Amino acid sequence: MNREVIVSSGKIARDLSDAEVKEIEHELTLYPDKKAVGLEALKIVQRHNGWVSDESMLAVSKYLDIALSELEGVATFFNLIYRRPVGKNVILFCDSVSCWIMGCEKIRKEINSHLGIDYGETTEDGEYTLIPVPCLGDCDKAPVMLVGEKMHRNLTVDSIKSLSSSRETQNKSGE
Ligand code: FES
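On a predicted model such as this, the values are computed, not experimentally measured, just so you know. Numbers given to residues run from 1 along each chain, matching the order in which its sequence is written. Under the rules for a predicted model, residues below a pLDDT of 70 receive no local features and side-chain atom pairs below 80 are neither given nor counted, while totals for whole chains, interfaces and linings still include all residues.

Draft legend 1. Representation of the overall build of the chain in the model. Under the scheme used here, helices are H or I runs from DSSP no shorter than 4 residues and strands are E runs no shorter than 2 residues, and both carry numbers assigned from the N terminus. If you tally the helices and strands in the chain, you get seven helices and four strands. With C-beta atoms placed from the backbone, a residue is buried if 20 or more other C-beta atoms are within 10 Å of its own, exposed if 12 or fewer are, and partly exposed between those counts. With 175 residues in all, the chain has 24% of them scored as buried. Counted over contacts in the chain with a minimum sequence separation of 6, partners at least 24 positions apart contribute 62%. Any two residues are considered in contact once their C-beta atoms, placed from the backbone, lie within 7 Å.

Draft legend 2. Inspection of the pairing of strand β1 (residues 89-94) at higher detail. The criterion for strand pairing is that DSSP finds at least two bridges linking the strands in question. In terms of strand pairing, β1 meets strand β2 (residues 128-133) through six bridges, oriented parallel. Bridged to V90 within β2 is T129.

Draft legend 3. Main features of the environment of L146. Looking at where L146 falls in the secondary structure, it is placed in strand β3 (residues 145-147). Through-space distance from the C-alpha of L146 to that of V133 is 9.8 Å; in sequence the pair is 13 residues apart. Among all residues touching L146, those that are not within four sequence positions of it are L92, L136 and M151.

Draft legend 4. Region of interest: the packing of helix α2 (residues 38-49) against helix α3 (residues 54-64). Only the stretch in contact is used when fitting a helix axis, every axis being a line fitted to C-alpha atoms; angles between N-to-C directions are given from 0 to 180 degrees. It is at 10 Å that the axes of α2 and α3 come closest, and there the two elements cross at 140°. Here α3 runs oblique to α2, going by the angle between their axes. Here α2 and α3 pass one another in a crossing that is right-handed. Seen from α2, the contacting residues are G38, A41, L42, V45 and N49; seen from α3, they are S56, V60 and L64. The nonpolar class holds Ala, Val, Leu, Ile, Met, Phe, Trp, Tyr, Cys and Pro. Asp, Glu, Lys and Arg form the charged class, and all remaining residues, Gly among them, are polar. Residue composition of the contact of α2 with α3, grouped by class: five nonpolar, three polar and no charged. Each angle receives one of four descriptions, namely roughly parallel if under 35 degrees, roughly antiparallel if over 145, roughly perpendicular if within 65 to 115, and oblique otherwise. For a crossing to be left-handed, the near helix must be turned anticlockwise from the far one by less than a right angle; the clockwise case is right-handed.

Draft legend 5. Layout of unusual backbone geometry. The step from A142 to P143 runs through a cis peptide bond, and the omega angle for that step is -5°. One can find P143 in the loop between β2 and β3. Residue D65 is not a glycine yet carries a positive backbone phi of 60°. Note on placement: D65 falls in the loop between α3 and α4 (68-77). C-beta crowding within 10 Å serves as the criterion here: with 8 such atoms nearby, D65 is assigned to the exposed category.

Draft legend 6. The nonpolar core, seen in detail. Of all hydrophobic cores here, the largest spans 18 residues; its most connected members are I91, C94, V144 and M145. Among the secondary structure elements, those contributing two or more residues to this core are β1, α6 (104-115), β2 and α7 (157-173). Look past the residues within four positions of C94 in its chain and what remains in contact with it is C99, C104, V133, C135, L136, P143, V144 and M145. Working definition: the nonpolar core is a set of buried Ala, Val, Leu, Ile, Met, Phe, Trp, Tyr and Cys residues, joined through C-beta atoms within 7 Å. Counting 16 residues, the second largest nonpolar core, distinct from the first, contains I24, I44, V60 and Y63.

Draft legend 7. Representation of the environment of K11 in the model. With respect to the helices, strands and loops of the structure, K11 is situated in the segment before α1 (18-30). The class for K11 is partly exposed, based on 15 C-beta atoms found within 10 Å. Between the C-alpha atoms of K11 and L58, which are 47 residues apart in sequence, the distance is 8.2 Å. Contacts of K11, omitting those with residues within four sequence positions, involve D54, E55 and L58.

Structure follows, in structure tokens:
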């Protein structure tokens, strides 16, 4: 099937991989209509590619026959769909009320000083991207952040120092 589509911006949809199509087809069996699968399809594409490029967005739009603007709306609303390349490890940093009260701002500054990144930025070695998120649901252990699949709770300045030093050790052993 030719899934190529060109829009006015000149962007061309890429072909979805067989693995992506297979997973999207599976999701289609679980939902009553194609529109409901939009978010799941974007998550699948992100899992395979690390982020969702314009070309991937177009491919999903075409494949599911969902208007591009509608799909973009879904991606914007669900802030864990990354529309730009991200590092190997995404730090989802809670800056909601409980974490704020418990000093997340100090932790953010520590990340900034040790990893050299602020919100929306990626370390030069492509290892970490820092993204602010609303409540991660672990308020009684605030401040918290999710790195990859691991939740880091009761963060202190020392937690960030040890994250930073384990990264330096990994970098050295990879040299
Ligand atoms: S406010 Fe940070 S986990 Fe709830």
